[in-house]
Amino acid sequence: MGAPLTSGVFAAVLLGALLHAGWNALIKSGADKSLDTALIHTLGVGVAVPIVAWVGFPHPASWPYLATSIVIHLGYYIALAGAYKHGDLGLTYPVMRGAAPLLVALASGPLVGETLSLQAWASVVAVCTGVAAVGLSPRAMHGNPSKALRFALANAAIIAVYTVVDGIGVRQSGNAAAYVATLFLFDGLPYLALVMWQRRLARRETFAYMAGRWKLALLGGVASMASYGIALWAMTRAPVASVAALRETAVLFAAVIGVVWLRESFGLLRALGTLLIVGGVAGLRLV
C-alpha cells in the first residue's frame, strides 16, 4: 500500500484538476476541436524546452515508458477531439475521466504493486459512479451522443493505460519535472503532423484559424503541462489509483465551466453525481 494523501498532495491534485478542466473547456469552445487539441500541445513544446534545459532529461530507465506514453497519447488526442466534436463537454469529459480511475485501480495492484484499502476502493468507486452520473444526465445528450460516447469510452481505456505507464515511468525518472517536460517535448508534434496532413488542401484557412487561437492555446498548453505534471509528481508520493481518482474532481470544474461559459445545462442527476464525487474525495482524503 502506498503512502496516504497528505494535505499538500491533496491540494495540489485539486489544483491540477481545475487546470485540466480549463484546457479541455478551451478545446470544446473552439470551432475546430482537432486543430485546437494539436495547437495546445504543440505550443506545450515551447513551454517544455526551457524546463528541460533547466532540469535536464529524466533517468534513462524511464525512457521506455516515455516512448510508450508518447504513442499512447497520439491515440488520446484523436479520441479526445472526436468526443468533443460530437458531444457536450458535460457528457464526454466525465465519461472519459470517470471510467479511467477504476481501470487504473484494477491495474495498479498487479502492475504497480499497490494495494488499496477497502475505504480507498469505496472512495474510488464513489468518484467513478458520481462522474458517470454527472456525464450521463439526459440534459447532456446533445449533438451525436452515441458517437460521442464511443469516443469517450475508448479514451477512458487509453487514459487508464497511459496513467499506469507514466505512473511507473515517473517513479524511475529521478525527477518528475524532467519526465513531464520531456513527455511534452515530443508528444504534441506527431498529432500536429497528422492534423496538418488532414488539412493539406486548406492550409490558408488552417493557419488563419491558428493565428486567431494561439494565445488561448498557449494558456491551454501551460495548463495541460502543469496539470499532468502535478498528477505525476503526486504519484511519486501517493498511490497511483488514489491520485488518478482524485484528479477526476476535474469533472466538477468542467460541469461549472460548461454551464457558465459554454451554456450547457445542469440537472438533478448531475447534482446527485456531484455529491457522490465529493463523498468519494472526502473518503480518499481520510484514508
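Residues numbered from 1 in each chain as written. Predicted model: local features only at pLDDT ≥ 70, side-chain atom pairs only at ≥ 80, totals over all residues. Heavy atoms only, no water.

Let us now look at the overall build of the chain. A count of helical and extended segments in the chain gives 11 helices and zero strands. Along its sequence from the N terminus, the chain presents helices and strands in the succession α-α-α-α-α-α-α-α-α-α-α. In summary, the chain has a C-alpha radius of gyration of 18 Å against a globular reference of 19 Å for 287 residues, a match within 12%. When its C-alpha atoms are laid out on the principal axes, the chain stretches across 55 × 50 × 30 Å. Buried residues in the chain amount to 55% of all 287 residues. (Helix = DSSP H or I, 4+ residues; strand = E, 2+ residues; numbered from the N terminus. Rg over C-alpha atoms; globule rule 2.2 N^0.38 Å. Buried < 20%, exposed > 50% of the residue type's maximum accessible area, 1.4 Å probe, protein only.)

One can find Ser 123 in helix H5 (residues 118-135). Not counting residues up to four positions away in its chain, the partners in contact with Ser 123 are Gly 280, Gly 283 and Leu 284. (Contact = heavy atoms within 4.5 Å.)

This part covers the pattern of salt bridges. Taken as a whole and judged by the stated rule, the model has two salt bridges. Between Arg 199 and Asp 32 there is a salt bridge, with the nearest N and O atoms lying 2.8 Å from each other. Here Arg 199, found in the loop between helix H7 (176-198) and helix H8 (203-235), pairs with Asp 32, found in the loop between helix H1 (7-29) and helix H2 (33-55); they are 167 residues apart in sequence, far enough to count as distant. Across the pair, exposure class does not vary: Arg 199 and Asp 32 are buried alike. Here Asp 36 makes a salt bridge to Arg 213, at a shortest N to O gap of 3.1 Å. In this pair, Asp 36 is assigned in helix H2 and Arg 213 in helix H8, connecting sequence segments 177 residues apart. Comparing Asp 36 with Arg 213, the two get one shared label, buried. (Salt bridge = Lys/Arg side-chain N within 4 Å of Asp/Glu carboxyl O.)

With that out of the way, let us pick up the packing of H1 against H2. For any two helices packed against each other, one specifies the crossing angle of their axes together with the interaxial distance. Packing of H1 against H2 brings their axes to within 8 Å, and their N-to-C directions diverge by 140°. When the axes of H1 and H2 are compared, the pair comes out oblique. In the crossing of H1 with H2, the sense of the turn from one axis to the other is right-handed. Contacts between H1 and H2 involve Trp 23, Leu 26, Ile 27 and Lys 28 from the first element and Lys 33, Asp 36, Thr 37, Ile 40 and His 41 from the second. Of the residues contributing to the contact of H1 with H2, the split by class is four nonpolar, two polar and three charged. (Axes fitted to C-alpha atoms, helices over the stretch in contact; angles between N-to-C directions. Parallel < 35°, antiparallel > 145°, perpendicular 65-115°, else oblique. Left-handed = near helix turned anticlockwise from the far one by under 90°. Nonpolar A, V, L, I, M, F, W, Y, C, P; charged D, E, K, R; others polar.)

Turning to the environment of Gly 174, a few remarks are in order. Relative to the helices and strands, Gly 174 resides in the loop between helix H6 (145-171) and H7. As for Gly 174 and Thr 236, which are separated by 62 residues in sequence, their C-alpha atoms are 9.9 Å apart.

The next subject is the environment of Cys 128. Examined against the element boundaries, Cys 128 turns out to sit in helix H5. Along the primary structure Cys 128 and Leu 276 are separated by 148 residues, whereas in three dimensions their C-alpha atoms are 8.7 Å apart. Look past the residues within four positions of Cys 128 in its chain and what remains in contact with it is Gly 98, Pro 101 and Leu 102.

There is a patch of nonpolar side chains on the surface, built from Leu 102, Leu 103, Leu 106 and Val 125 and spanning about 320 Å² of accessible area. The element best represented in the nonpolar patch is helix H4 (residues 89-112), accounting for three residues. Position of Leu 103 among the secondary structure elements: in helix H4. (Patch = residues over 30% accessible without salt bridge, like charges linked within 9 Å, V, L, I, M, F, W, Y side chains within 5 Å. Areas by Shrake-Rupley, 256 points an atom, 1.4 Å probe, with all protein chains shown as cover.)

Using the criterion set out here, one finds five aromatic pairs in the structure. Seen in terms of ring centroids, Phe 57 and Trp 63 are 5.7 Å apart; in terms of plane orientation they differ by 55°. Their pairing is tilted. When the ring of Tyr 76 is compared with that of Tyr 162, the centres are 5.3 Å apart and the planes differ by 80°; the resulting orientation is edge-to-face. In this pair, Tyr 76 is assigned in helix H3 (residues 63-86) and Tyr 162 in helix H6, connecting sequence segments 86 residues apart. On the basis of relative accessibility, which here comes to 2%, the residue Tyr 76 falls in the buried class. Looking at Tyr 162, the relative accessible area reads 2%, which means it is buried. Three or more aromatic residues link up through ring pairs in this structure, and these residues are Tyr 76, Tyr 77, Tyr 162, Tyr 191 and Tyr 228. (Phe/Tyr/Trp six-rings, centres within 6.5 Å; stacked < 30°, edge-to-face > 60°.)

Where H3 contacts H7, the axes come no closer than 9 Å and their chain directions differ by 45°. The angle between the axes of H3 and H7 places the two elements in the oblique class. Seen along the crossing, H3 lies across H7 with a hand that is right-handed. Contacts between H3 and H7 pair Trp 63, Tyr 65, Leu 66, Ser 69, Ile 70, His 73, Leu 74, Tyr 77, Ile 78 and Ala 81 from the former with Tyr 179, Thr 182, Leu 183, Phe 186, Asp 187, Pro 190, Tyr 191 and Leu 194 from the latter. When the residues that make up the contact of H3 with H7 are grouped by side-chain class, the tally is 14 nonpolar, three polar and one charged.

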